[in-house]
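If you want the building blocks of each chain, they are given just below.
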Amino acid sequence: MQAFIRAIEYHLPETVLATAELAAQFPEWSVEKIDRKTGIAERHIAAPDECASDLAFAAARKLFASGFDPSEIDALLLCTQSPDYFLPTTACLLQHRLGLPTRAFAMDFNQGCSGFVYGLGLAKGLIETGQAKRVLLLTAETYSKYIHPLDKSVRTIFGDAAAATLIEGRESGAEALIGPFVWGTDGSGANHLMVPAGGARCPRSSETAAEIQDDSGNCRSRNNLFMDGAAVFEFTLRAVPEAFHQLLDRAGKTVDDIDLFVFHQANKYMLDTLRIALDLPKEKFYIAMRHCGNTVSSTIPIALSHALAEGRLEPGKTVMLAGFGVGLSWGSALIRWA
Amino acid sequence: MTRGEFLLSMEELLELQPGELKGTEKLSDLEAWDSLAVVSFMGLARTKAGKTLSPKNIASSECVDDLFALVNDPVLS
C-alpha cells in the first residue's frame, strides 16, 4: 500500500479580527506596519463556547459532504494543543460525533506548527503497514483562548482554524507519494513558545494569573501564551534551512525538481526571509495566510487547499512541506500529488 | 555589506529618513527599536549578510554601530 493525500477541507470560525482593529488598539503599530510584517489582514477567532473540536468537526463534515463516507474511516488522528478535556482524548469524542465506526483507531497528538507533517508521517505509517486504509487527519487550534488581549506580539499573528485531510492507501507505485521525511526536536527551546501554567507542572492559581508587562508594553500572565519571537526566529533560520537541504539530499532531488514549496505560514516576514535565505523562486513559494493568519498546525493544509483550488496541485506535482515551531519541533516532507 | 548600505537598511527598518542615522545612536534612545525591530534586524542580517544572529548577540549591542559590527563579525555564522 502507498499512502497519498486524497482530499483537504478547512473551516474558520465566524468572528473576524481585522488588522485595522488591532492597529486601533495598539496605535504604536500602524495597519501598514502590521500588514507588512505579518502579511495578515484577518484572523478568525473562536467563540467563547467554541472549542477546537467544534472547528475540527466542521472541517471534517465539509470533507465528508464533498463525497466521502465517514463509515469508511479506519483511523482518526487529531493534532491539537487545545483539547476539550485533560481526558478523555478529544479524538474519541470526535469519533462518536462524526459517526466514525467504533472499530476505528483514534488518538490525539500534541504538536503545534509542525503537526501537519507529523500527522502525515503517522498516517503513512498506519496505511503502509496495513493497519488502516483511510486516515482522517484533523488539525485544530484555538490559541486565541490562550492569548492575552493586550499582547500584540501574538494577537497580531495567530488565528483559530481547523483542517481535515483524508489520506488513503492505493496499490504501490514507482515513487512514494508521501515522503521522505526529515524530523527534528529540540526541547531546550521549550520555553520560547509556551503556555507556562495550567498543566500538572504548574497548575493555574492566583499567582499564575498575575499579569506582567514586558519591555514592549505587552501584557500577559503565566496562564497566557508566551512567544519569544526573536528566539523562535533564530531557531527557524537555523533549523529549517538545514532540514531543507537534508530532505533534498535524502530524496535525491534539487530545487528544480520541486514544483511548490508550502512551508508553515508563520508570518510573511519569516517566510520572505526563509525564501531569500534558501534562494527559492518566488513563484514556487506559496503563501496563503492573509485571510486567516497563523493557524498553527492548520496552516499547511489550508495553503494546500488554496493551491489546489488555484490549479497549482495537478497530479504528478511534487511539493515540499516544512512545519516548524513550538516544542521546539520541526518536520519536512515531500509529497507527490496523486 | 558596507556601513553606508547597512545604515540605509536600518533607516528603512526603523522607518527613518535616509541619512538620519549616524551609527552612534544608542538603541535604547530609538523609539522604533522594539521586539519587532529586533526580529526585522535578524532577517536583515540573514538575507543581506548571511548571518544567523541570536537574540543574545543583539541584546549585548548598545548602539547602531554595534549591530553593524555583528553583521560583519567573521566569527559569527
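The structure displayed is predicted, hence computed values, not measured ones.

A. Looking closely at the interface of chain B and chain A. Taken together, the contact between chain B and chain A spans 17 residues of the former and 16 residues of the latter. Carbon and sulfur atoms make up 63% of the surface buried where chain B meets chain A, a total of about 1500 Å² over both sides. The largest per-residue losses of area from chain B upon contact with chain A belong to Leu-36, Arg-46 and Thr-52 of chain B, which jointly make up 32% of the total buried on that side. Counting across the chain B and chain A interface gives one salt bridge. A salt bridge links Glu-15 of chain B to Arg-36 of chain A; the nearest nitrogen and oxygen atoms lie 2.6 Å apart. At the boundary of chain B with chain A, the tally comes to six residue pairs in polar contact (both at pLDDT 80 or more). No other element matches the 10 residues that helix α2 (residues 35-49) of chain B contributes to the side of chain B that touches chain A. Here the residues of the side of chain B that touches chain A sort into seven nonpolar, seven polar and three charged.

B. Representation of unusual backbone geometry within the structure. Residues and elements named next belong to chain A. Note that the residue after Leu-87, namely Pro-88, is joined by a cis bond; omega there is 10 degrees. As for its position among the elements, Pro-88 is in the loop between β4 (75-79) and α4 (90-98). In the Ramachandran plot, Asp-279 falls in the positive-phi region, its phi being about 55 degrees despite a non-glycine side chain. For Asp-279, the position within the fold is in the loop between α8 (268-277) and α9 (299-309). Owing to a relative accessible area of 66%, Asp-279 belongs among the exposed residues under this scheme.

C. Region of interest: the sheet that holds strand β5 (residues 105-109) of chain A. Residues and elements named next belong to chain A. Reading across from one edge, β1-β7-β6-β4-β5 is the order of the five strands in this open sheet, with mixed pairing throughout. Looking at strand neighbours, the two that pair on one side only are β1 (2-11) and β5, the edges of this open sheet. On average, adjacent strands in this sheet sit at an angle of 15 degrees to one another, irrespective of strand direction. Sheet topology note: the β4/β5 ladder contains five bridges and is parallel. Paired with Cys-79 across the two strands is Phe-109, which belongs to β5. On top of the sheet, helix α3 (residues 52-65) reaches β1, β4, β6 (134-141) and β7 (161-170); it is set at about 115 degrees to β1, its chief contact.

D. Region of interest: the domain arrangement of chain A. Residues and elements named next belong to chain A. Taken domain by domain, chain A comprises domain 1 (2-170) and domain 2 (178-336). Distance between the C-alpha centres of domain 1 and domain 2: 15 Å. Taken residue by residue, the interface counts 51 residues in domain 1 and 49 residues in domain 2. Across the domain 1-domain 2 interface, the total number found is two salt bridges. Among the ionic pairs, Arg-220 bridges to Asp-151, the shortest N-O distance being 2.9 Å. Those elements that place two or more of their residues in the side of domain 1 that touches domain 2 are β1, α2 (31-38), β3 (42-45), α5 (115-128), β6, α6 (152-155) and β7. For the side of domain 1 that touches domain 2, the element with the highest residue contribution is α5, accounting for seven residues. Its residues assigned to classes, the side of domain 1 that touches domain 2 comprises 27 nonpolar, 14 polar and 10 charged.

E. The pattern of salt bridges, seen in detail. Residues and elements named next belong to chain A. Going through the model one piece at a time under the given rule, you end up with 14 salt bridges over all chains. With its nearest N and O atoms 2.9 Å apart, the salt bridge here joins Asp-35 to Arg-290. With Asp-35 in helix α2 and Arg-290 in the loop between α8 and α9, this residue pair connects regions lying 255 residues apart in the sequence. Linking Asp-54 and Arg-97 is a salt bridge whose minimum nitrogen-to-oxygen distance equals 2.8 Å. Here Asp-54 is found in helix α3, whereas its partner Arg-97 is found in helix α4, with 43 residues between them in sequence. Relative accessible area serves as the criterion here: at 39%, Arg-97 is assigned to the partly exposed category. Bridged by salt links that share partners, the residues Arg-6, Glu-72, Arg-134 and Glu-168 form one connected network.

F. Looking closely at the side chain of Asp-74 of chain A. Residues and elements named next belong to chain A. Here Asp-74 is to be found in the loop between α3 and β4. Note on Asp-74: relative accessible area 16%, which makes it buried. At a separation of 2.7 Å, a polar atom in the side chain of Asp-74 contacts the main-chain amide nitrogen of Lys-133. Of note is the side chain of Asp-74, whose polar atom sits 2.8 Å from the backbone nitrogen of Arg-134.

G. Seen up close, the packing of aromatic side chains. Residues and elements named next belong to chain A. In the structure shown here, the tally under the stated rule is 12 aromatic pairs over all chains. Plain terms: the ring middles of Tyr-143 and Tyr-146 are 6.2 Å apart, the flat faces sit at 55 degrees to each other, and that makes the pair tilted. For Tyr-143, a relative accessible area of 3% translates into the label buried. Here a set of aromatic residues connected by ring pairs shows up, and it is made of Phe-244, Phe-261, Phe-263 and Phe-285. The ring centre of Tyr-269 lies 4.6 Å from the NZ or CZ of Lys-37, which sits over that ring. In this arrangement the basic side chain of Arg-97 is found over the ring face of Phe-57, its NZ or CZ atom lying 4.1 Å from the centre.

Calculation notes
Residues numbered from 1 in each chain as written. Chains lettered and ligands numbered in written order. Predicted model: local features only at pLDDT ≥ 70, side-chain atom pairs only at ≥ 80, totals over all residues. Heavy atoms only, no water. Contact = heavy atoms within 4.5 Å. Buried area = accessible area lost by both parts, 1.4 Å probe. Salt bridge = Lys/Arg side-chain N within 4 Å of Asp/Glu carboxyl O. Polar contact = N/O pair within 3.5 Å; in protein donor to acceptor, adjacent residues only side chain to side chain. Helix = DSSP H or I, 4+ residues; strand = E, 2+ residues; numbered from the N terminus. Nonpolar A, V, L, I, M, F, W, Y, C, P; charged D, E, K, R; others polar. Buried < 20%, exposed > 50% of the residue type's maximum accessible area, 1.4 Å probe, protein only. Pairing = 2+ DSSP bridges. Axes fitted to C-alpha atoms, helices over the stretch in contact; angles between N-to-C directions. Domains from an automatic or database assignment. Phe/Tyr/Trp six-rings, centres within 6.5 Å; stacked < 30°, edge-to-face > 60°. Lys NZ or Arg CZ within 6 Å of the ring centre and 35° of its normal.

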